[in-house]
Amino acid sequence: MILADKIIHLRKQQNWSQEQLAELLGVSRQSVSKWESGLSIPDLDKIIKMSSIFGVSTDYLIKDDITETPAAATASTAVSYDDDESIFVSLEDANTYMSLCEKLSTFFAIGVALCIICPVPLILLGGLSETAKYAPYEDMFSGIGVAMLLLIVAAGVGILIVSGMQTSKWEFLEKQSITLEYGIKGIVEKKKASYEKTFIGSIAAGVVLIIIGIVPLLIASGFDFDDYVYAILVDILLVFIAAGVFLFVRSGVVHGCYEKLLQQGEYSDGEKRTKRRLEPVSTVYWCSITAVFLLVSFTTMEWHRTWIIWPVAGVAYAVVEAVAKIAMKNK
């Protein structure tokens, strides 16, 4: 059986039209027609894609002497392959993933927001202990503040871990190339387009909240207020930042799920390959930052100040990532 006959046989086995197969492969219907009529031969990239889509080996497609049709891969579940191979995603898989993202987006946002506001009680109690009335209770306030900080962090991290575990089976969408079942692309594109206004509105609202949170502190800097007042203003700033980030994360998770399925932006095939190569750098970097944060915080016990390590580390990581990408390109 020659390649043309095998393509026809496998396509009909899946009950696909030439148009459907063409969309899965990213080619025109005329190209598929020419392959099946023997007028042209698909290039190696398309043969590899067909092997993933049909669930057969490239040897079966290429070698005429292999005539036994292997059992086709089912489309009801997402199947994992090596990093350089495409994973077939069915309509059921796509709908399940989109529903899960919409459901968990709020939980991810709450978890991140809790991690941002965790120093609020400590800063408030620290400012209160600076006043003459409560100065004798400084150690007690410090202990209560640290305990509350750790409890809030534990709650936030717990929410993130539980939510992350529910999406762990979909990690391949961020790392590997995928092939969508016929019709899924149009559905996802429509959902993304309808969500675009919500996404842009959430980003804009988040930015406004963060700017508003900064204003009281800037105004107060021109006056000679007590430390307690500044502590309250810093807490207000953190609450507004947390609210803004909540909007960023919640809308970003939903918008990101559409981009993952469509393989757009940072989830394109090229970006995925880069991310896989950057994983060791990212792991070492954030483990080091965590160690530094804990060491400095427990050494100085100034948790109300050491939290600044995280936003600084986040900005610095962008630089580290950019340098690592340049180094990889030079190699």
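Parameters at a glance
- Residues numbered from 1 in each chain as written.
- Predicted model: local features only at pLDDT ≥ 70, side-chain atom pairs only at ≥ 80, totals over all residues.
- Heavy atoms only, no water.
- Helix = DSSP H or I, 4+ residues; strand = E, 2+ residues; numbered from the N terminus.
- Buried < 20%, exposed > 50% of the residue type's maximum accessible area, 1.4 Å probe, protein only.
- Contact = heavy atoms within 4.5 Å.
- Areas by Shrake-Rupley, 256 points an atom, 1.4 Å probe, with all protein chains shown as cover.
- Phe/Tyr/Trp six-rings, centres within 6.5 Å; stacked < 30°, edge-to-face > 60°.
- Lys NZ or Arg CZ within 6 Å of the ring centre and 35° of its normal.
- Core = buried A, V, L, I, M, F, W, Y, C linked by side-chain atoms within 4.5 Å.
- Disulfide = S-S within 2.5 Å.
- Patch = residues over 30% accessible without salt bridge, like charges linked within 9 Å, V, L, I, M, F, W, Y side chains within 5 Å.
- Salt bridge = Lys/Arg side-chain N within 4 Å of Asp/Glu carboxyl O.
- Polar contact = N/O pair within 3.5 Å; in protein donor to acceptor, adjacent residues only side chain to side chain.
- Axes fitted to C-alpha atoms, helices over the stretch in contact; angles between N-to-C directions.
- Parallel < 35°, antiparallel > 145°, perpendicular 65-115°, else oblique.
- Nonpolar A, V, L, I, M, F, W, Y, C, P; charged D, E, K, R; others polar.
- Left-handed = near helix turned anticlockwise from the far one by under 90°.

The secondary structure content of the chain amounts to 14 helices and two strands. Evaluated residue by residue, the chain yields a buried proportion of 35% over its 331 residues. Pairs at least 24 apart in sequence give 72% of the contacts found in the chain among residues at least 6 apart. Surface accessibility of the chain: about 18,000 Å² in total, with carbon and sulfur atoms responsible for 63%.

So, about the packing of aromatic side chains. One pass over the structure, following the stated rule, counts eight aromatic pairs. Aromatic rings pair up to connect Trp-16, Phe-54 and Phe-88 into one cluster. Its guanidinium or amino end placed over the ring of Tyr-60, Lys-6 lies 4.6 Å from that ring's centre, counting from NZ or CZ.

Another point: the nonpolar core. Grouped together as the largest cluster of nonpolar side chains are 30 residues, with contacts concentrated most on Leu-173 and Leu-261. Broken down by secondary-structure element, the contributors of at least two residues to this core are strand E1 (87–89), helix H6 (91–117), helix H9 (172–175), strand E2 (178–180), helix H10 (184–220) and helix H11 (227–262). With 10 residues, H11 is the largest single contributor of residues to this core. Discounting residues that sit within four places of it in the chain, Leu-261 has contacts with Ala-94, Tyr-97, Met-98, Leu-173, Ile-178, Leu-180 and Val-188.

What follows deals with the state of the cysteines. One covalent bond between the sulfur atoms of two cysteine residues makes up a disulfide. Under the defined criterion, the tally for this structure stands at zero disulfides. Cysteine Cys-101 remains unbridged, with the sulfur of Cys-257 as its closest cysteine sulfur at 4.0 Å. Between Cys-115, a cysteine without a disulfide, and Cys-118, which holds the nearest cysteine sulfur, the sulfur-to-sulfur distance is 6.4 Å. With a relative accessible area of 30%, Cys-115 lands in the partly exposed category.

Let us look at a nonpolar patch on the surface. Together, Val-207, Ile-211, Val-215, Ile-219, Phe-223 and Phe-225 make up a nonpolar patch on the protein surface, roughly 530 Å² of accessible area in all. Relative to the elements of secondary structure, Val-215 occurs in helix H10.

Structurally, the position occupied by Thr-167 is in helix H8 (residues 138–167). Within the structure, Thr-167 has its side chain in polar contact with the backbone oxygen of Gly-164 (distance 3.1 Å). Those residues in contact with Thr-167, other than ones at most four positions away along the chain, are Leu-100, Leu-104 and Phe-108.

Here the focus is helix H4 (residues 44–54). Regarding H4, the residues found buried are Lys-46, Ile-47, Met-50, Ser-51, Ser-52, Ile-53 and Phe-54. Contacts from the buried residues of H4 go to helix H1 (3–13), helix H2 (18–25), helix H3 (29–37), helix H5 (58–62), E1 and E2. The residue sitting at the N-terminus of H4 and contributing the capping side-chain oxygen is Asp-43; that oxygen lies 3.0 Å from the backbone nitrogen of Lys-46. One or two positions beyond H4, positive phi appears at Gly-55, with a value near 75°.

Located in the positive-phi region is Asn-15, a residue other than glycine, with phi close to 60°. Relative to the assigned elements, Asn-15 resides in the loop between H1 and H2. The backbone of Gln-263 shows a phi angle near 55°, a positive value even though the residue is not glycine.

A few words now on the packing of helix H7 (residues 120–129) against H8. H8 packs onto H7 with a crossing angle of 170° between their chain directions and a minimal axis gap of 8 Å. When the axes of H7 and H8 are compared, the pair comes out roughly antiparallel. Contacts from Pro-121, Leu-122, Leu-125, Leu-128 and Ser-129 of H7 reach H8 at Glu-138, Phe-141, Ser-142, Ile-144, Gly-145, Val-146, Met-148, Leu-149 and Ile-152. Split into classes, the residues belonging to the contact of H7 with H8 amount to 10 nonpolar, three polar and one charged.

Within this structure, the stated rule accounts for four salt bridges. Between Glu-19 and Arg-29 there is a salt bridge whose closest N-O contact spans 3.9 Å. Remark: Arg-29 occurs in helix H3 and Glu-19 occurs in helix H2; sequence separation between them is 10 residues. Salt-bridge contacts for Glu-259 lead to Lys-192; the nearest nitrogen and oxygen are separated by 3.7 Å. Residue Glu-259 is located in helix H11, and its partner Lys-192 is located in helix H10; the two are separated by 67 residues in the primary sequence. Note on Glu-259: relative accessible area 17%, which makes it buried. By relative accessible area, Lys-192 is classed as buried at 13%.

Before going further, it helps to spend a moment on the packing of H6 against H8. The geometry of H6 relative to H8 is characterised by a closest axis approach of 8 Å and an angle of 155° between their N-to-C directions. Between H6 and H8, the angle falls in the class roughly antiparallel. As H6 runs across H8, the sense of the crossing is left-handed. Along the contact surface, H6 presents Leu-100, Lys-103, Leu-104, Phe-107, Phe-108, Ile-110, Gly-111, Val-112, Leu-114 and Cys-115, while H8 presents Ile-152, Ala-155, Gly-156, Val-157, Ile-159, Leu-160, Ser-163, Gly-164, Gln-166 and Thr-167. Of the residues belonging to the contact of H6 with H8, the class tally is 13 nonpolar, six polar and one charged.

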